[in-house]
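Architecture at a glance
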Amino acid sequence: MLTGKRTQNSKLKTRNSSLLRFLGAAFLAMLFCVFGFAADERSLDSGWEFRETGTESWMPASVPGTVHTDLLNNKKIEDPFYRDNEKSLQWISKRDWEYRLVFNAPQADSKGERKELVFEGLDTYADVFLNSKKILSADNMFRTWRVEVGTLLRERANELVIKFRSPINEVLPRMAALDYELPASNDQGEKTSPYTRKAPYQFGWDWGPRFVTSGIWRNVRLVSWEKARILDLNIIQDDVSKRKARITASVEIEVEAGADASVVLNDAKTGKRLASKGLGLVEGRNNVEFEIEIDNPRLWYPVGFGDQEMYEFSAEVSIGDRSTDAFSRRTGLRTLELRQKPDNYGTSFEFVVNGIPVFARGANWIPADVFPTRVTREKYRTLLTSLRDANMNMIRVWGGGIYEDDAFYELADELGLLVWQDFMFACSMYPGDKDFLENVRAEAIDNIKRLRNHPSIALWVGNNEIETAWLHWDWKENNPSHMWDDYQKLFNRLLPEIVEEFDPGRTYWPSSPSSNYQADPESERIGDMHYWQVWHGGKPFEEYTKVFPRFMSEYGFQSFPELETVASFTTPEDRKGIETPVMLAHQKHPRGNQLIRTYMEREFPQPKDFESFLYASQVLQAEGIKLGTEHFRRIMPRNMGTLYWQANDCWPVASWSAMDYFGRWKALMYYTKRFYSPVLVSPYVDQRGQLKIDVVNDTNENVHAKIIVNVFHVDGRRLNSIELDAEVSKLSSTTRLERSLAELLAGFDKTDVVISAEIVSDDRVISMNRLILVPYKEVRAKRPSIDFNITSDAEGFLVEMTADRPSFAVKLESTIEGRFVDNFLDLMPGRKTKIRFIPRNPTSQEDFKKSLQIVSLADAFS
Ligand code: BMA
């Protein structure tokens, strides 16, 4: 994981620099690949061993990695996710561990070269020794550590040893010496997490196991340089419009001794020189700035508003006539503002990109594995692409996890997903002493500098839910007031100051939720809001429609994952019901099952078996979140964002997620794709009993459309049909039809009808929706009969279905590996619905047909 890309190496110093400049940076990068010059930066990721401190034999270790995954790879422990293994593996975090690497250092003889070891992530309390000499004491998982090692390096057989102390034992004596305890509501066990700068979720969460890891969790490198090197290239966007972009490229250069230098800035894609400077550099760090203008720049847009154009700049420094280093940086040019303007409802909270107010459709992201080093770029790609495919345009990197890998943000840039970025603090109070604050300062600087050139990042946020916890979770009453003073130091002084200094173009928001101290953090008038009366408060889903936030950054409901996912951690015995000990070990919310049952009883009959319960729980979750989200979208621009809790999982578990640990889509994800459709048709009954059909248009285009509303009897008859033309303005939400229900139902009972609504533009259905007027259990629906017909094309198979009566949450399943592009959808009588299946491997139509199963909600109940 590099903060930028180094395109040149020290060997180049011997080459003719004027020729090099002529070739341009992009071409240079290609040359190095072809001729394979020794790199400036050498990876030290392979060849590591590890052992428990005090034991004899070493075992092979992975870097990046964790003790837990290394023990697993060496078959010393069972799969931590299987059954209730979590419990018996807690000893690992109470022990000390050490890692060792023996490596040669070629060029050690090349006098005058500077050598530096770079550790991009040490988890967490680590002493590092090179050839028996201590070179570093680390205490923050989120920092990058750099150590000069020139004089200690040998030509051969250097021994690098990293000793990790138990992150729990380390803190216990410190805690014992205090006469208060910092609240840490999610720690399962000793509440040590607030004292340690380490991923909070690993201490246990209401959707996560407790695995407090140690290890070398990001890359290790040996960097060699001489005379001058480029540490960073920051592209500051001073003023950007379609016509012109004015940017400042700020190059951070370290030099060994004061010297005359020349610094060049290139467009790395074309090799074109943009600017150059000859100047004197002083010993140590120097900042060299270039102000440049780009005419008619290709702007970066969030998905749905334009392309995700990226620029790549490269800087090169030469001392005398020798080129000593080059460094490149990708970024996207755009304006991005969190607009907060007084209006009729209070103060707006909307993200405006390139002048367009963007309604944020998204979810909250947690780390994709409790052992984060297992998350590959491919896994990130699969998960983030899924989110984009489900019509999301924003993701919140929630403060209880990690600052994600570069790959995450690179993919977000590429996919056009905006990122709401929390600092890693959640649901706890934190210390405010000098050492702690200094540690956080370094952490924040490292991560801001690493991430600030990603156009996708929209906002920096201090923490998750701490402000509201202090005020509303009895923390203020039960704790000494200095805790709040410490909060102020961290979240109202230190972090905003660092954002202002290192990334002044972005807004800092103190907490989520917050009103920036203008009102209660839960206020509907200002700031973002978390709404948990549905779920934690036990209130019915309909309560969502009584809430009028400015930006809804959390709301959610749990469900169980697919049977196949449950099967990955259970025996058949464990699957007798959701309350078996193993199922309970994978339900981390103390009242989780009870809440799911309570809500299920309100909506559905009793599911007939275990598998049906899993399916019904998913439909229940999806229906609830759909109800809330459509309301929050309909009330735009009063509300300008919905980030539901939560996108993904860090292990197989019952949780609020839309995709499970394996990336399998739950019903919620398929529903999301529909209720997050950029143009949405949304039928509902208002507080006065009127049926309304609203159309929300999040796009920046006016839409000429036809709206079709049908009223069906549950036996399949069509009772009523309305068609109307509509000009739907861009960025709008409007009511298109309002009718008294009584008139529309023409004497039929609410329990007997289903209303469908669709919006058609250019002969294409762009949104389809369905409304029932009573809880599903009261709908007098009979089991539908669904006919289907399969055809194939180059991409896979098309299943065309017709149903004799309204059918709900129809689920297609196949034992063949692959995916359905849509699923859990409603079928209306007399209408053909086509669903595509894309098999992973070539499959015959016959085999696919045999493997196909179609169920609808009625099948879940006996
Ligand atoms: C939210 C989150 C998490 C939690 C979730 C469900 O408030 O910030 O802390 O997992 O609720 O309880």
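The structure we're discussing is the one just above.
Below: a short report on this structure. (Residues numbered from 1 in each chain as written. Predicted model: local features only at pLDDT ≥ 70, side-chain atom pairs only at ≥ 80, totals over all residues. Heavy atoms only, no water.)

Our next topic: the side chain of Ser512. By the element assignment, Ser512 lies in the loop between strand E32 (508-509) and strand E33 (529-530). In terms of polar contacts, Ser512 uses its side chain to reach the side chain of Ser553, at 3.4 Å. When neighbours within four sequence positions are excluded, Ser512 is seen to be in contact with Arg396, Trp420, Val461, Asn463, Asn464, Glu465, Asp528, His530 and Ser553. (Helix = DSSP H or I, 4+ residues; strand = E, 2+ residues; numbered from the N terminus. Polar contact = N/O pair within 3.5 Å; in protein donor to acceptor, adjacent residues only side chain to side chain. Contact = heavy atoms within 4.5 Å.)

The immediate surroundings of the ligand are formed by Trp205, Asp206, Trp207, Trp398, Cys427, Asn464, Glu465, Trp532, His536, Glu554, Trp645 and Trp656. Between the ligand and Trp205 there is a distance of 3.1 Å, counted from an oxygen atom to a side-chain nitrogen or oxygen. Considered on its own, the ligand offers 310 Å² of accessible surface; in the complex 95% of this is hidden by protein. Its residues assigned to classes, the shell around the ligand comprises seven nonpolar, two polar and three charged. (Near = heavy atom within 4 Å. Areas by Shrake-Rupley, 256 points an atom, 1.4 Å probe, with all protein chains shown as cover. Nonpolar A, V, L, I, M, F, W, Y, C, P; charged D, E, K, R; others polar.)

For the pair helix H14 (residues 592-603) and helix H15 (residues 610-634), interaxial distance at closest approach is 10 Å and the crossing angle is 80°. The pairing of H14 with H15 is recorded here as roughly perpendicular in orientation. Contact residues: Ile596, Arg597, Tyr599, Met600 and Glu603 in H14; Phe613, Ala616, Ser617 and Leu620 in H15. In terms of residue class, the contact of H14 with H15 is built from six nonpolar, one polar and two charged. (Axes fitted to C-alpha atoms, helices over the stretch in contact; angles between N-to-C directions. Parallel < 35°, antiparallel > 145°, perpendicular 65-115°, else oblique.)

Another point: the sheet that holds strand E36 (residues 679-685). Sheet strands pair by backbone hydrogen bonding; their relative direction is either parallel or antiparallel. Strand order in the open sheet made by the three strands is E36-E37-E40, with antiparallel pairing throughout. At either margin of the open sheet sits one strand with a lone partner, and together these are E36 and strand E40 (732-740). In this sheet, adjacent strand axes meet at a mean angle of 20° when their direction is disregarded. In the sheet, strand E37 (residues 690-697) pairs with E40 via eight bridges, with the strands oriented antiparallel. Across the sheet, residue Asn697 finds its bridge partner in E40, namely Ser732. Most of the contacts of H15 go to E36, to which it runs at about 110°, and overall it touches E36, E37 and E40. (Pairing = 2+ DSSP bridges.)

For the α-helix, the turn length of 3.6 residues means that residues three or four positions removed from each other point alike. Most of helix H16 (residues 667-675) is tucked away: eight of the nine residues are buried. Within H16, the full set of buried residues consists of Ala667, Leu668, Met669, Tyr670, Tyr671, Thr672, Lys673 and Phe675. (Buried < 20%, exposed > 50% of the residue type's maximum accessible area, 1.4 Å probe, protein only.)

Using the criterion set out here, one finds 68 salt bridges in the structure. Linking Lys87 and Asp84 is a salt bridge whose minimum nitrogen-to-oxygen distance equals 3.7 Å. For Lys576, the salt bridge identified is with Glu573, shortest N-O distance 3.3 Å. Linked by salt bridges that have partners in common, Arg114, Glu116, Arg146, Glu148, Arg229, Glu254 and Glu256 make up one network. (Salt bridge = Lys/Arg side-chain N within 4 Å of Asp/Glu carboxyl O.)

To continue, consider the pairing of strand E3 (residues 49-52). Taken together, the four bridges between E3 and strand E5 (residues 97-103) define a ladder with antiparallel strand orientation. Pairing of Phe50 across the sheet is with Tyr99, part of E5. In this sheet, strand E4 (residues 59-60) lies alongside E3 in antiparallel orientation, the contact comprising two bridges. Residue pairing across strands places Phe50 opposite Met59, the latter belonging to E4.

Now for the sheet that holds strand E39 (residues 718-728). The four strands are arranged E39-E38-E41-E42 in an open sheet whose pairing can be described as antiparallel. With one partner strand each, in any of the chains shown, E39 and strand E42 (764-772) form the two edges of the open sheet. Averaged over all pairs of adjacent strands, the angle between strand axes in this sheet comes to 15°, irrespective of strand direction. Direction of pairing for strand E41 (residues 753-761) relative to E42: antiparallel, over a ladder of eight bridges. Counterpart to Ser756 in the pairing with E42 is Arg770.

In the contact formed by helix H8 (residues 434-451) and helix H11 (residues 482-502), the axes pass within 10 Å of each other and the chain directions differ by 35°. Handedness of the H8/H11 crossing: right-handed. In this structure, H8 contributes Phe436, Leu437, Val440, Arg441, Ala444, Ile445, Ile448 and Lys449 to the contact, and H11 contributes Lys489, Leu490, Leu494, Leu495, Ile498, Val499 and Phe502. Residues of the contact of H8 with H11, tallied by class, amount to 12 nonpolar, no polar and three charged. (Left-handed = near helix turned anticlockwise from the far one by under 90°.)

Turning our attention to the pairing of E41. Most of E41 sits out of view: nine of its nine residues are buried. Here E41 shows two buried faces, one formed by Val753, Ile755, Ala757, Ile759 and Ser761 and the other by Val754, Ser756, Glu758 and Val760. The turn joining E41 and E42, which pair antiparallel and follow one another in sequence, is formed by two residues; a positive phi near 50° is taken by Asp762.

A few words on the side chain of Ser612. When you line up the elements, Ser612 lands in helix H15. Since its relative accessible area comes to 8%, Ser612 is described here as buried. When residues no more than four places from it in sequence are discounted, the contact partners of Ser612 are Pro607, Asp859 and Ala860.

A few words on the nonpolar core. Trp48, Phe119, Leu122, Leu160, Phe423 and Tyr644 are the most contacted members of the largest nonpolar core, which totals 187 residues. In this view, Tyr644 contacts Gly362, Ala363, Asn364, Met392, Tyr555, Ile625, Ala658, Leu668, Met669, Thr672, Phe675 and Tyr676; residues no more than four positions away in its chain are not counted. By size, the runner-up hydrophobic cluster in this structure holds 49 residues, among which are Ile247, Phe351, Ile356 and Val461. (Core = buried A, V, L, I, M, F, W, Y, C linked by side-chain atoms within 4.5 Å.)

We now examine the packing of aromatic side chains. Counted by the stated rule, this structure contains 64 aromatic pairs. Judged by centre distance (6.4 Å) and plane angle (25°), the rings of Trp365 and Tyr380 are stacked. You can see Trp365 sitting in strand E28 (residues 360-365) and its partner Tyr380 sitting in helix H6 (residues 377-389), a full 15 residues away along the chain. In terms of burial, Trp365 and Tyr380 fall into one category: buried. Here a set of aromatic residues connected by ring pairs shows up, and it is made of Phe425, Tyr430, Phe436, Trp470, Trp484, Tyr487 and Phe491. In this structure, Arg298 packs its charged tip against the face of Tyr311, placed 4.5 Å from the ring centre. (Phe/Tyr/Trp six-rings, centres within 6.5 Å; stacked < 30°, edge-to-face > 60°. Lys NZ or Arg CZ within 6 Å of the ring centre and 35° of its normal.)

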